[in-house]
Amino acid sequence: TNPILSVLPYGIGSQTDSFSGHILVYEIGMRTLSLTLIRCDKGMIRIIHCEECHGVGGANLDEALLELLKKECQRTLRHDISSNQRAVFKLLAAAENAKHSLSTQQTTNVYIESLHEGMDFQCTLTRGKFEGVCLPIFKSCLEPLQGVYKSTGLTQ
């Protein structure tokens, strides 16, 4: 998508806009992180720099949550479900749903009927736990920012 479109709903770039400064737009896809630095000057908008980082995205968050849910299954069901592809697929779908829920809520419940050998699985995930397991990924999302600073001459 066009990063300029993401700033328009905030009134930036309108004829009455008096804002002058820089805006950094992060777009996190499944496996790609895009950073776009935009310069706004009293209604005029222009892209100054774009940076892409491949291999970092929402799928990494899903995988981190999947590993957390696998460990929780091991703890509560006392079974390693890693070799059960059907169960792993169900857990991955639950991890994706949990990620979306935790973006707006403090907790979410995960319930999967008949996950493994007829056993049901349920657990509660908190945003704090989600942020904790995903912290290395979040930190890796900040690394491309150094490239933006270096390329544009801006400072933090």
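Analysis parameters
Residues numbered from 1 in each chain as written. Predicted model: local features only at pLDDT ≥ 70, side-chain atom pairs only at ≥ 80, totals over all residues. Heavy atoms only, no water. Helix = DSSP H or I, 4+ residues; strand = E, 2+ residues; numbered from the N terminus. Buried < 20%, exposed > 50% of the residue type's maximum accessible area, 1.4 Å probe, protein only. Contact = heavy atoms within 4.5 Å. Areas by Shrake-Rupley, 256 points an atom, 1.4 Å probe, with all protein chains shown as cover. Lys, Arg positive; Asp, Glu negative; His and termini not counted. Charge placed at Lys NZ, Arg CZ, Asp CG, Glu CD. Pairing = 2+ DSSP bridges. Patch = residues over 30% accessible without salt bridge, like charges linked within 9 Å, V, L, I, M, F, W, Y side chains within 5 Å. Salt bridge = Lys/Arg side-chain N within 4 Å of Asp/Glu carboxyl O. Disulfide = S-S within 2.5 Å. Expected span 1.5 Å × (residues − 1). Arc of directions from axis to C-beta. Polar contact = N/O pair within 3.5 Å; in protein donor to acceptor, adjacent residues only side chain to side chain. Phe/Tyr/Trp six-rings, centres within 6.5 Å; stacked < 30°, edge-to-face > 60°.

Peer 1: Explain the overall build of the chain here, please?
Peer 2: Broken down by element type, the chain carries 4 helices and 5 strands. Helices (α) and strands (β) of the chain occur, in sequence order from the N terminus, as α-β-β-β-α-α-β-β-α. Each principal axis of the C-alpha atoms in the chain carries an extent, and together these give about 60 × 30 × 25 Å. For the chain, with 156 residues in total, the buried portion stands at 37%. Long-range contacts, defined here as pairs at least 24 residues apart, represent 51% of the contacts in the chain between residues at least 6 apart. Of the roughly 9500 Å² that the chain leaves accessible, carbon and sulfur atoms contribute 52%. Here the chain contributes 15 positive and 16 negative side-chain charges, whose respective centroids are spaced 4 Å apart.

Peer 1: Would you mind going over the environment of Gly57 with me for this structure?
Peer 2: Assignment of secondary structure puts Gly57 in the loop between β3 (44–54) and α2 (58–77). Remark: the alpha-carbon pair of Gly57 and Gln146, spanning 89 residues in sequence, is separated by 18 Å.

Peer 1: Any chance you could explain the pairing of strand β5 (residues 119–126) here in plain terms?
Peer 2: Working note: regular strand, side chains alternate between the two faces of the sheet. Where strand β4 (residues 107–116) meets β5, 7 bridges bridge the pair, whose relative direction is antiparallel. Looking across to β5, one finds that Asn109 is bridged to Thr124.

Peer 1: Help me understand a nonpolar patch on the surface in this model?
Peer 2: Together, Leu24, Tyr26, Ile28 and Leu142 make up a nonpolar patch on the protein surface, roughly 330 Å² of accessible area in all. Of all the elements, strand β1 (residues 20–28) adds the most residues to the nonpolar patch, at 3 residues. In this structure, Leu24 sits in strand β1.

Peer 1: Where do I start with the state of the cysteines in this structure?
Peer 2: A disulfide bridge is the covalent bond that connects two cysteines by way of their sulfur atoms. In this structure the tally under the stated criterion is 0 disulfides. Free cysteine Cys123: the closest other cysteine sulfur is in Cys73, separated by 7.4 Å. A relative accessible area of 10% places Cys123 in the buried class. A disulfide-free cysteine, Cys134 has its sulfur positioned 9.9 Å from the sulfur of Cys141, the nearest such atom.

Peer 1: Honestly, helix α3 (residues 85–102) in this entry has me stumped. Any pointers?
Peer 2: Taking 1.5 Å of rise per residue, the 18 residues of α3 would be expected to cover 26 Å, and the 25 Å separating its terminal C-alpha atoms lies within 8% of that figure. Within the sequence span of α3, burial applies to Ala87, Val88, Leu91, Ala94, Ala95, Ala98, Lys99 and Leu102. All buried residues of α3 fall inside an arc of 145° around its axis, so they share one side. Facing away from the buried side of α3 by more than 90 degrees, the exposed set consists of Gln85, Phe89, Asn97 and His100. Of the surrounding secondary structure, the elements contacted by the buried residues of α3 are α2, β4, β5 and α4 (127–152). Taking the backbone nitrogen of Arg86 as reference, a side-chain oxygen 3.2 Å away marks Asn84 as the first, capping residue of α3.

Peer 1: Where do I start with the packing of aromatic side chains in this structure?
Peer 2: Each aromatic ring pair is characterised by the separation of its centres together with the angle its planes make. Enumeration according to the criterion identifies 1 aromatic pair in this entry. Pairing Phe130 with Phe138 gives two aromatic rings, centres 6.1 Å apart and planes at 75°, and the pair type is edge-to-face. Judged by its relative accessible area of 8%, Phe130 is buried.

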